[in-house]
Amino acid sequence: MKPVPLVIGGQAVGADDAFDVLNPSTATVYARCARADTDHVDRAVAAARDASADWRALPDERRAEFCMQLAELLEANAEALTECIVAETGKPIAGYSGVGARKEIQGAIGWARATAKLALADEILQDEHTARVVLRRKALGVVGSITPWNWPLMIGIWHVLPALRAGNTVVMKPSELAPVASSRFAELAARVLPPGVLNLVNGFGDVGAALALHKDVNKIVFTGSTATGRRIMRAGADNLKRLTLELGGNDAGIVLPDVDVRAIASKLFAACFHNNGQTCAALKRLYVHESVIDALESELAAIADGIRLGDPMHPETDLGPVQNAAQLAIIEDLAADAQTAGGRFLSGGRRLDRPGYFFPPTIVTGLSNGARLVDEEPFGPIVPLVRFGTEDEAIALANDSDSGLGGSVWSKDVERARALGERLECGSVWINGHGGLQPHVPFGGIKQSGFGVTFGVEGLREFTSVQTLRINAG
Ligand code: NDP
């Protein structure tokens, strides 16, 4: 099997070493990728640095055109990229509630287009006859993008497009567990972008660490675990790297007593279990009022029973396998702990006896804060339902977490839900929905879920520094 190459300075580059990428639905080798060493990281950063001055000097509209061309490239290669995502992530081609590999590629295209259309205008801070003061946004230089395995290409686009759009050059480092679609994208991009504007190095955590440490990298944009985010922050201290850290979440949803249980059950289920819960802003803890919890348990359990779990290439499959063996082990461990802690399993509970990393959607009730399944982010298809009595109790339980990515409130009384939602300690609040990200709406966490935002003009600003220019009358 020919290894997927690195992309450095516009060229496909091989390496002495290579690593396997598994297909999680069979646990067999799907692809091999060239494995970068620190010399490759240095070469990629040098290529990005060399390309930086010309790229930032281009007229803004020209960079916008390049970004639009990247969107078109994604679109022209959508089918092949979709198959790649299915094979390396196990995400179904269509998926429960339409959230699957096709959605990932369509999302990547949509975000690329939306980002191409963004612009950062100069701001006039003062305009008097004695002086004029202008605030300008300038590119930072070289941006390192480190991405996870759950939505590998879409998150890559979330990082790369605004970085390029704002005038930076980029070195991508995808997760070694799902690097193929991103690598294909970088190869395609090298056909249209000037050499060195977008580079890609594959490898394990040491490659990401070398990028995070590199003195010629001006910013790291990272999506992944809080533990790795902390390492990246430490590594960046020496050259005061700028950071955007989008880390794990343990999003809470609060279900108030006035809901139409049947109407919201499938929406709640989708928010919890799409992509097997392997989404940073999936719903991971459900706090349900005691008057409706029994009814909601029955509805959710019935949906779980009807889920078609299996071959992700089959168009009718709802959920595929968990993406990797380590994640499956975390889920099994949390399920075992929930059992010991007295949790009642309404569905699922143990992995399927078949090749691949299949674990059915699992709903657990009878636990509360303090149980590991409630306190820790499972990042998998297992969700606890927790009973509450009063709104104050629900808010206290929801906010009793180190995470602060997203949260939601579900009620027919939108004003009441909004008032409660505003008390949630998190970066995004949704009423009667959860996790719907949009390219024009900034997204980011607080507390241990990280800092900085992506998307929209706010997100674009994160790839720039401020320069003020005061022009005094001559
Ligand atoms: P990691 O945070 O370990 O990995 C994310 C990315 O960081 C990968 O590209 C990884 O490379 C890279 N990396 C690893 N170590 C370093 C380092 N020292 N310096 C720089 N980059 C590094 O996530 P995992 O994939 O191991 O998943 C672990 C947990 O993270 C999950 O259980 C889940 O809770 C959370 N997670 C959260 C995500 C989110 O969307 N917020 C997405 C994925 C995971 P490599 O893969 O090659 O090691």
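Report on the accompanying structure. Fair warning: this is a prediction, and the values are worked out from it, not measured in the lab.

### Thoughts on the sheet that holds strand β5 (residues 123-127)
Piece 1. On the basis of which strands lie adjacent, the open sheet formed by three strands has the order β5-β6-β22 and antiparallel pairing. Each of the sheet's edge strands pairs with one partner strand only, and the pair in question is β5 and β22 (464-472). In this sheet, neighbouring strand axes are inclined to one another by 20 degrees on average, regardless of whether the strands run parallel or antiparallel.

### Thoughts on the pairing of strand β16 (residues 382-388)
Piece 1. In terms of burial, β16 is a largely internal element, six of the seven residues being buried.
Piece 2. Of the pairings in the sheet, the one linking strand β13 (residues 283-289) to β16 comprises four bridges and is parallel in character. Paired with H289 across the bridge in β16 is F388.

### Considerations on the sheet that holds strand β12 (residues 251-255)
Piece 1. Spatially, the seven strands line up as an open sheet ordered β14-β15-β16-β13-β12-β18-β19, and their pairing is mixed. Whereas interior strands pair on both sides, the edge strands pair on one side only; in this sheet they are β14 (344-345) and β19 (428-431).
Piece 2. Where strand β15 (residues 362-365) and β16 come together, four bridges link them in parallel fashion. By the bridge assignment for β16, T365 is matched with L385.
Piece 3. Relative to β16, helix α10 (residues 293-305) is tilted by about 170 degrees, and along the sheet it contacts β12, β13, β14, β15 and β16.

### What to know about the site of the ligand
Piece 1. Neighbouring the ligand are 29 residues; T147, W149, E176, S225 and Q327 lie closest to it.
Piece 2. With respect to the ligand, the side chain of S175 contributes an N or O atom lying 3.2 Å from an oxygen atom.
Piece 3. Here A209 contributes a backbone N or O atom positioned 3.3 Å from a nitrogen atom of the ligand.
Piece 4. Look at the ligand: alone it shows 870 Å² of surface, and the protein chains cover 85% of it.
Piece 5. Listed by contribution, the elements that provide at least two residues to the shell around the ligand are α7 (205-213), β10 (219-223), α8 (226-235) and α11 (325-340).
Piece 6. A class-by-class count of the residues in the shell around the ligand yields twelve nonpolar, twelve polar and five charged.

Conventions we followed
Residues numbered from 1 in each chain as written. Predicted model: local features only at pLDDT ≥ 70, side-chain atom pairs only at ≥ 80, totals over all residues. Heavy atoms only, no water. Pairing = 2+ DSSP bridges. Helix = DSSP H or I, 4+ residues; strand = E, 2+ residues; numbered from the N terminus. Axes fitted to C-alpha atoms, helices over the stretch in contact; angles between N-to-C directions. Buried < 20%, exposed > 50% of the residue type's maximum accessible area, 1.4 Å probe, protein only. Contact = heavy atoms within 4.5 Å. Near = heavy atom within 4 Å. Polar contact = N/O pair within 3.5 Å; in protein donor to acceptor, adjacent residues only side chain to side chain. Areas by Shrake-Rupley, 256 points an atom, 1.4 Å probe, with all protein chains shown as cover. Nonpolar A, V, L, I, M, F, W, Y, C, P; charged D, E, K, R; others polar.

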